[in-house]
Amino acid sequence: MPTLEALPGRVSDLAGLPILRLLPRSQRRLVGPWCFLDSYGPLGFGSGKPMDVAPHPHIGLQTVSWLLEGEVRHHDSLGLTGLARPGGLNLMTAGRGIAHSEETPAENAGRLWGVQLWVALPAAARESEPAFEHHATVPSLELEGGLASVILGRLAGVTAPGRIYSPLVGAELRARSAGRLAVPLERGFEHALVLLEGECWLDGQKLVGDTLYYLGSGRGDLVLAAERAGLRALLLGGAPFEETILMWWNFVARTSDEIAAAREDWQAGRRFGEVRAYAGPRLAAPPLLGRPATAR
Ligand code: MN
C-alpha cells in the first residue's frame, strides 16, 4: 500500500568522516533488497583524505558507491581498482567474501559528496564468486520536469549496466526547474526517497533533507513539486525482499553462526584475501557481542 513515512537519519561517522545513516533504522531495515544507506558531504577540504576506510571484509551483499562531487578510489582483494566520480558507479558484489578499501585519492577536487548503499543478495546468489564492476557512466532517462540517472536496476524501461540479483531500482532524480517532476514507478516495488539537495512537496506533505521517506508499494508514479530548480533526490525501490537477513558489521547473512565464521575468517586472514594496493593496516573486526539485528 502507498504510504509516506518520514524516518530522520542518524548522525554517525565512518573512520572519522561524518555520515548520515538513513538505512537501516529501527523502524525500517529494508526497502526492497536495499539494506544500507549512508550519505556524506557536501564538504570541502584543503588537504588530507576525508574518506580513508582501510581494508575490511563483506559477505552476502553488493556495495554501491555513487558520488555527487569528488572522487573515491576503491581497491579490493581481487586486485581490482575503480575511481568513483560523479555520474559513474562502483559496484562490488561480495558473494561469499571480498575485502576492499575506499579512500580519497591523492589527486582530488577538494570536494566530497556522495552515498554508499548496500543491496542484500538473495539466497541463490549469496555464495557467488566476488566481483567488482566500474561503470564510468550510467544511462539517463528524460522525465516530465527533469532527468533521472539510472544507477542500478531498471526505471521506466531504462536498464542500468550493473549486474543485479533481484528486481530493483536505484536512481538519482534532478528537477529542471521549480514545479512538477514526475517519475513512473513499478507498482509492485516498494520505494523510498531521500532528498539530496533542495526541498519539495509530495502528497501534500513538505519533504526535507536528511530524511528517508518510505513510500510503500502500489504507486504507479511519483509526482514531486520542487520548490525551486536544483532539486536532487535519490530514489530506491525493489520487490519486497522476502528473506529474513541478519546484518552485523559489514556482513549480511542468514544465521549468527555464519556471521561468527566470517568474523573468525577475517581475523585469521582466511577467505577474504589481501587488499595489496592499500598502504596501511586493515581494519580489525569489532567484538561479536549479543545477537546480530534481524531485517525482514
Ligand atoms: Mn565496504
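Quick caveat, the model's predicted, so the values are computed rather than measured.

Enquirer: What's the story with empty space enclosed by the protein in this structure? I'm lost.
Expert: Unfilled space is identified by rolling a water-sized probe across the atoms. Following the criterion strictly, the structure yields one cavity of 30 Å³ or more and no others. Quantified by volume, the largest cavity comes out at close to 30 Å³. Taken together, Thr63, Ser65, His74, Asn90, Leu91, Met92, His100, Glu102 and Phe132 make up the full set of residues lining the largest cavity. When contributions to the lining of the largest cavity are tallied by element, the ones reaching two or more residues are strand 6 (61–70), strand 9 (89–93) and strand 10 (98–103). Residue composition of the lining of the largest cavity, grouped by class: three nonpolar, five polar and one charged.

Enquirer: Where do I start with the nonpolar core in this structure?
Expert: Across soluble globular proteins, you tend to see nonpolar side chains buried next to one another. Ranked by size, the top nonpolar core spans 29 residues in total, and within it Leu155, Leu173, Leu193, Leu207, Leu222 and Leu224 carry the most contacts. The leading source of residues in this core is strand 16 (residues 168–175), at four residues. In this view, Leu224 contacts Gly179, Arg180, Leu181, Leu193, Cys200, Trp201, Leu202, Leu207 and Leu231; residues no more than four positions away in its chain are not counted.

Enquirer: What exactly am I supposed to notice about the side chain of Asp76 here?
Expert: Mapping Asp76 onto the fold places it in strand 7 (residues 72–76). Salt bridges are absent for the buried Asp76, whose nearest opposite-charge side chain, Arg276, sits at 10 Å. Of the polar contacts made by the side chain of Asp76, one reaches the side chain of His74; its length is 2.8 Å. Here Leu80 takes part through its backbone nitrogen, which lies 3.0 Å from a polar atom of the side chain of Asp76. Discounting residues that sit within four places of it in the chain, Asp76 has contacts with Ile98, Ala99, His100, Phe132, Glu274 and Val275.

Enquirer: Would you take a moment to explain the packing of aromatic side chains for this structure?
Expert: Aromatic rings in a pair are described by how distant their centres are and how their planes are angled relative to each other. The final tally for this structure, using the stated rule, is six aromatic pairs. Between the aromatic rings of Trp249 and Phe251, the centroid separation amounts to 5.7 Å while the plane-to-plane angle is 80°, which identifies the pairing as edge-to-face. Overall, the relative accessible area of 0% leaves Phe251 in the buried class. Centroid distance Phe251 to Phe272: 6.3 Å. Interplanar angle 10°. Geometry classified as stacked. With Phe251 in strand 25 (residues 251–253) and Phe272 in the loop between helix 1 (256–267) and strand 26 (293–295), this pair connects stretches of sequence that are 21 residues apart. Stacked on the ring of Trp266, the Lys or Arg Arg282 has its end atom at 3.8 Å from the ring centre.

Procedures and definitions
Residues numbered from 1 in each chain as written. Predicted model: local features only at pLDDT ≥ 70, side-chain atom pairs only at ≥ 80, totals over all residues. Heavy atoms only, no water. 1 Å grid on protein atoms, 1.4 Å probe; cavity = no way out; pocket = protein on both sides within 12 Å on 5 of 7 lines; lining within 4 Å. Points joined across faces, edges and corners; volume = space filled by probe spheres on them. Helix = DSSP H or I, 4+ residues; strand = E, 2+ residues; numbered from the N terminus. Nonpolar A, V, L, I, M, F, W, Y, C, P; charged D, E, K, R; others polar. Core = buried A, V, L, I, M, F, W, Y, C linked by side-chain atoms within 4.5 Å. Buried < 20%, exposed > 50% of the residue type's maximum accessible area, 1.4 Å probe, protein only. Contact = heavy atoms within 4.5 Å. Lys, Arg positive; Asp, Glu negative; His and termini not counted. Salt bridge = Lys/Arg side-chain N within 4 Å of Asp/Glu carboxyl O. Polar contact = N/O pair within 3.5 Å; in protein donor to acceptor, adjacent residues only side chain to side chain. Phe/Tyr/Trp six-rings, centres within 6.5 Å; stacked < 30°, edge-to-face > 60°. Lys NZ or Arg CZ within 6 Å of the ring centre and 35° of its normal.

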